[in-house]
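Coordinates in review
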Amino acid sequence: MSKEIVFNVGKQQTRIAIVEDGKLAELYIENAEHKRTIGNLYLGRIRKVMPSIQAAFVDVGQEQDAFLHFSDLSDNLPYLLDFLGLEEPTVEAIDVPKGQKDWDRRPSDILNRGQAILVQITKEPISNKGSRISTDISLAGRFLVLVPLQNYVAVSRKIEDDDERRRLESLASSLVPDGVGVIVRTVAKDRDAKSLDKDMKLLMERWRRVEKRLKEKPEPPALVHEDVDMASSIVRDEFSEDYDRILVDHEGLYHSIQSYVRAVAPQLVDRVKLHESDQPVFESVGIQHGADRAFKDRVELPSGGYLFIEKTEAMHVVDVNSGRSGKGKSQAENSLNVNLEAARVIARQIRLRDLGGIIVVDFIDLYDEDDKQKVYDELKKGFEEDRAVTKVLPMSDFGLVEITRQRLRPSITTTFSSANGAPSDDGGGDADPEELRQAERKIQRLESEVEKREREVKRLKEEDDTPDAEVETLRQKIQSLEAELEAARAEQQTTDEPDTSSVSAEPPAEIQEG
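Here's a quick rundown of the structure. (Residues numbered from 1 in each chain as written. Predicted model: local features only at pLDDT ≥ 70, side-chain atom pairs only at ≥ 80, totals over all residues. Heavy atoms only, no water.)

Helices and strands together make up the secondary structure of the protein chain, namely 14 helices and 21 strands. Looking at the 514 residues of the protein chain, the share that counts as buried comes to 46%. Put simply, of all contacts in the protein chain between residues at least 6 apart along the chain, 65% involve residues at least 24 apart. In the structure as shown, the protein chain presents an accessible area of about 27,200 Å², 45% of it carried by carbon and sulfur atoms. (Helix = DSSP H or I, 4+ residues; strand = E, 2+ residues; numbered from the N terminus. Buried < 20%, exposed > 50% of the residue type's maximum accessible area, 1.4 Å probe, protein only. Contact = heavy atoms within 4.5 Å. Areas by Shrake-Rupley, 256 points an atom, 1.4 Å probe, with all protein chains shown as cover.)

See below:
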């Protein structure tokens, strides 16, 4: 399978696509209003302890209090609280014994209202629910995961070779400092001591900054460590020998990714490419249509059938319809073919939209048990490349398949209304996608031109013999481009707004009455 990661950087948001065999598999959009928070560390303050629901609510400075379930309390909780109580917190000052949980007090006896506690975001806020948090603190690197206030070395279960597991465990044990534990990640397979040692030092530097922040005695709630942004996390966690290239349309991000890959995987640095064409990168790779399709309720199937994807308060529902398909085929044959085709598309759409929680699929009725099994197997196969934990139940007698999928953040279709990153509540979903793309292309071209001119001014200023008039001319050109850029953005916002001129202020007569 050919795989690549594509980055499209705009002034207001970054879009990241994972492409498999030329098809858009995953899409992420990040902007200032919707920044990634998973992995952030907060010094929070406990607002409520509720033994009846086995949970506590913690103020971490977000709109809603974060949810700390007692099952997310780490085995080293007493040592973590002792660590926070130190005048100058350092992990070396806490003696953490080897082994499993050695405290048997009830969580409600350890946690108290008003108490300060160090927590990590494990799931972002969704709808009216706050973030989910844990006291199981960790910092992820390329090859290792640092686990402060623990005393163990573990190796990823995905590394199955026993000799390699023993080698990595021995190597990691020789590198781990006092007061911390470490987990060896899958990508560390076949890596040498130098690679792991460098990663360990970078992680310890990051943890020392957390300790330094805590020594300042910040008043809770306080952010004490911000994890990397979405772009960096995907390169760190995803990019490997399995990927043919990373394609970036922004020179600054290109150099940043190139430097990181050169440091951690120099043999892959040639796979990082800069997109220099005037054609937008998503269109150049052929995934813009797939991105637009992710924001439509109706998804057409190649055979002439279609899917209808709807969100309810409790779940997502997918309805499979035969549409115009099936000419010259028996009903049973047509139903099976449409369902098999739908199963493949449904798995892709769920990954692409990042749907989580409960998903119910209403397939076309099948009466043969072997046919039902074929559809079930095809659907399960579609989730093999999915990084989220997914469980698929067999088809019921009513043709329903229930799916549960790990949900770490709101789906992109909940947060945004279109593939250009328009917020979900601004009416962008009613705009013509082609008009939006044209506006986006114009904005990207102007942004690129402004950056190019600004670099030229910087270069000229560094040359002492450059005439002032030449620099001033360039500055005037930049001001002109910036004015044109602002006008283009205003034009795009107008394009995004739905036409309400024909909408009556009064409801129709037949529905005015209660």
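Looking now at the environment of Tyr254. Inspection of the secondary structure assignment puts Tyr254 in helix α6 (residues 251–264). Through-space distance from the C-alpha of Tyr254 to that of Lys273 is 7.4 Å; in sequence the pair is 19 residues apart. The contacts of Tyr254, once residues within four sequence positions are left out, are Val248, Val272, Lys273 and Leu274.

Here we come to the sheet that holds strand β17 (residues 306–311). Strand order in the open sheet formed by 6 strands is β16-β17-β18-β19-β21-β20, with mixed pairing between adjacent strands. Among the strands making up the open sheet, the edge pair consists of β16 (298–300) and β20 (390–392). Neighbour-to-neighbour, the strand axes of this sheet turn through a mean angle of 20 degrees, independent of strand direction. Where β20 and strand β21 (residues 400–405) come together, 3 bridges link them in antiparallel fashion. Within β21, the position partnered with Thr390 by the bridge is Arg405. (Pairing = 2+ DSSP bridges. Axes fitted to C-alpha atoms, helices over the stretch in contact; angles between N-to-C directions.)

With that settled, the discussion passes to the pairing of strand β3 (residues 23–31). Judged by how many residues are buried, β3 sits mostly within the fold: 8 of 9 residues are covered. Where strand β2 (residues 13–20) folds back on β3, the antiparallel hairpin that results is connected by 2 residues, among which Asp21 adopts a positive phi of roughly 50 degrees.

Attention now goes to the packing of aromatic side chains. Each pair of aromatic rings is reported with the distance of its centres and the angle of its planes. The final tally for this structure, using the stated rule, is 3 aromatic pairs. Pairing Phe239 with Tyr243 gives two aromatic rings, centres 6.3 Å apart and planes at 50 degrees, and the pair type is tilted. For the pair formed by Phe239 and Tyr243, the shared burial category is buried. We note Arg15 situated over the ring of Phe282; from NZ or CZ to the ring centre the distance is 4.1 Å. The side chain of Arg298 reaches across the aromatic face of Tyr306, ending 3.7 Å from its centre. (Phe/Tyr/Trp six-rings, centres within 6.5 Å; stacked < 30°, edge-to-face > 60°. Lys NZ or Arg CZ within 6 Å of the ring centre and 35° of its normal.)

Further remarks concern the side chain of Lys3. Relative to the helices and strands, Lys3 is located in strand β1 (residues 3–9). Classification of Lys3 by relative accessible area gives buried; the value is 12%. Lys3 has contacts with Val19, Glu20, Asp242, Tyr243, Asp244, Arg245 and Glu385, leaving out every residue within four places of it along the chain.

Here the focus is the environment of Gln267. Relative to the helices and strands, Gln267 is located in the loop between α6 and β15 (272–274). Along the backbone, Gln267 and Glu241 are 26 residues apart, and their C-alpha atoms lie at a distance of 9.2 Å. When sequence neighbours within four positions are dropped, the list of residues in contact with Gln267 reads Arg191 and Glu241. A polar contact of 3.4 Å, which involves the side chain of Gln267, links it to the side chain of Glu241. (Polar contact = N/O pair within 3.5 Å; in protein donor to acceptor, adjacent residues only side chain to side chain.)

On to helix α3 (residues 162–175), then. Note on helix geometry: an α-helix contains 3.6 residues per turn, so any two residues three or four positions apart are oriented the same way. Over its 14 residues, α3 extends 20 Å from the first C-alpha to the last, a length consistent with the 20 Å expected when each residue adds 1.5 Å. Buried residues along α3 sit in contact with β11 (153–155), β12 (180–184) and α4 (193–215). One side-chain oxygen at the N-terminal end of α3 lies 3.2 Å from the backbone nitrogen of Asp163; it belongs to Asp161. (Expected span 1.5 Å × (residues − 1).)

Turning to the side chain of Ser335, a few remarks are in order. Summarising the element assignment, Ser335 is placed in helix α9 (residues 331–353). Once you skip the residues sitting within four places of it in the chain, Ser335 turns out to touch Ile364, Asp365 and Leu366.

Their axes nearest at 8 Å, the elements α9 and helix α10 (residues 369–382) cross at an angle of 20 degrees. By the angle between their directions, the pair α9 and α10 is classed as roughly parallel. As for how α9 packs across α10, the hand of that crossing is right-handed. Counted together, Leu336, Asn339, Leu340, Ala343, Arg344, Ile346, Ala347 and Arg351 of α9 and Asp371, Lys374, Val375, Glu378, Leu379 and Gly382 of α10 form the full contact between these two elements. (Parallel < 35°, antiparallel > 145°, perpendicular 65-115°, else oblique. Left-handed = near helix turned anticlockwise from the far one by under 90°.)

Counting residues in each nonpolar core, the largest one holds 72 residues, and the members touching the most others are Phe7, Phe83, Leu111, Ile117, Trp207, Ile246 and Val261. Here this core takes 7 residues from α4, the largest share from any one element. Discounting chain neighbours no more than four positions away, the residues touching Trp207 are Leu41, Phe83, Val91, Leu118, Ile137, Leu139, Leu146 and Pro148. Core analysis: the second largest hydrophobic core is formed by 29 residues, Val318, Leu336, Leu355 and Val392 among them. (Core = buried A, V, L, I, M, F, W, Y, C linked by side-chain atoms within 4.5 Å.)

Moving on to the pattern of salt bridges. Any two side chains of opposite charge can pair if their charged atoms end up close together. Under the counting rule described, the total for this entry stands at 27 salt bridges. With a closest N to O distance of 3.1 Å, Arg36 and Asp227 form a salt bridge. Highlighted residues: Arg36 in the loop between β3 and β4 (41–50) and Asp227 in the loop between β13 (222–225) and α5 (230–238), separated in sequence by 191 residues. The partner of Arg47 in a salt bridge is Asp65, with the nearest N and O atoms 3.4 Å apart. Of this pair, Arg47 sits in strand β4 while Asp65 is found in the loop between β5 (55–59) and β6 (66–69), placing the two residues 18 residues apart along the sequence. Salt bridges linked by common partners bring Glu20, Glu26, Glu238, Arg351 and Arg387 together as one network. (Salt bridge = Lys/Arg side-chain N within 4 Å of Asp/Glu carboxyl O.)

Turning our eyes to something else, we now look at the sheet that holds strand β14 (residues 245–248). Across the sheet, 5 strands lie side by side as β3-β2-β1-β14-β15; this open sheet has mixed pairing. Each edge of the open sheet carries a strand with a single partner, namely β3 and β15. This sheet shows a mean twist of 20 degrees between the axes of neighbouring strands, independent of strand direction. Bridging between β14 and β15 involves 3 bridges; their strand directions are parallel.

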